[in-house]
Amino acid sequence: MTHHDGRGPGLAGDAVALAAGLADLAVCGLSSALGGVSGLLRRADLGELLADGREETKARGRLVLDRYAATPPAHLEVLARTVTTRIQTESGSE
């Protein structure tokens with residue numbers, strides 16, 4: 001898509017180039033995935049491989065849930081516990 005008038009391709013040209021690039025990525029990704037799947041189907045230990053993949057996927061899911069679902073304790077709650085522990089420690093050492 002070259003233009004001889006010195007201007008860029010414009011919005012329509014950009015959209016077409018973007019769509020063509022995305023289509024090319026999709027085709028490349030799909031062909032890679034199909035090649036990988038056909039290689040997997042030829043393996044003798046496919047059952048074990050699937051079980052390992054399932055366990056790894058569950059472990060990754062737990063990590064994601066722990067990272068994003070768990071809320072950290074409130075700052076004032078942590079501060080209150082620290083002060084309470086410090087007071088109990090100081091009063092017990094006297």
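Residues numbered from 1 in each chain as written. Predicted model: local features only at pLDDT ≥ 70, side-chain atom pairs only at ≥ 80, totals over all residues. Heavy atoms only, no water.

(A) Geometry of the overall build of the chain. Along its length, the chain carries 3 helices and 0 strands. Taking all 94 residues of the chain together, 1% fall into the buried category. When the accessible surface of the chain is split by element, carbon and sulfur atoms take 63% of a total near 8400 Å². (Helix = DSSP H or I, 4+ residues; strand = E, 2+ residues; numbered from the N terminus. Buried < 20%, exposed > 50% of the residue type's maximum accessible area, 1.4 Å probe, protein only. Areas by Shrake-Rupley, 256 points an atom, 1.4 Å probe, with all protein chains shown as cover.)

(B) Examining the pattern of salt bridges more closely. For the coordinates displayed, the defined rule picks out 2 salt bridges. The residue Glu-55 makes a salt bridge to Lys-58 at a minimum N-O spacing of 3.3 Å. You can see Glu-55 and its partner Lys-58 sitting in helix H2 (residues 46-69), 3 residues apart, about one turn around the helix. The partner of Glu-77 in a salt bridge is Arg-81, with the nearest N and O atoms 3.2 Å apart. (Salt bridge = Lys/Arg side-chain N within 4 Å of Asp/Glu carboxyl O.)

(C) Spotlight on the confidence of the model for the chain. Averaged over every residue, the pLDDT of the chain is 80; the share at 70 or more is 88%. For the chain, helix H1 (residues 10-41) is the element with the lowest average pLDDT, namely 83, and helix H3 (residues 75-92) is the one with the highest, namely 89. (pLDDT = per-residue confidence, 0-100.)

(D) Representation of a nonpolar patch on the surface in the model. A surface patch of nonpolar side chains, amounting to about 380 Å² of accessible area, comprises Leu-76, Leu-79, Val-83 and Ile-87. Relative to the helices and strands, Val-83 resides in helix H3. (Patch = residues over 30% accessible without salt bridge, like charges linked within 9 Å, V, L, I, M, F, W, Y side chains within 5 Å.)

(E) Structural context of the environment of Leu-40. With respect to the helices, strands and loops of the structure, Leu-40 is situated in helix H1. For Leu-40, a relative accessible area of 37% corresponds to the partly exposed category. Spatially, the C-alpha atoms of Leu-40 and Leu-50 are 9.8 Å apart, while their sequence positions differ by 10 residues. Not counting residues within four places of it along the chain, the set of residues in contact with Leu-40 comprises Leu-46 and Leu-49. (Contact = heavy atoms within 4.5 Å.)

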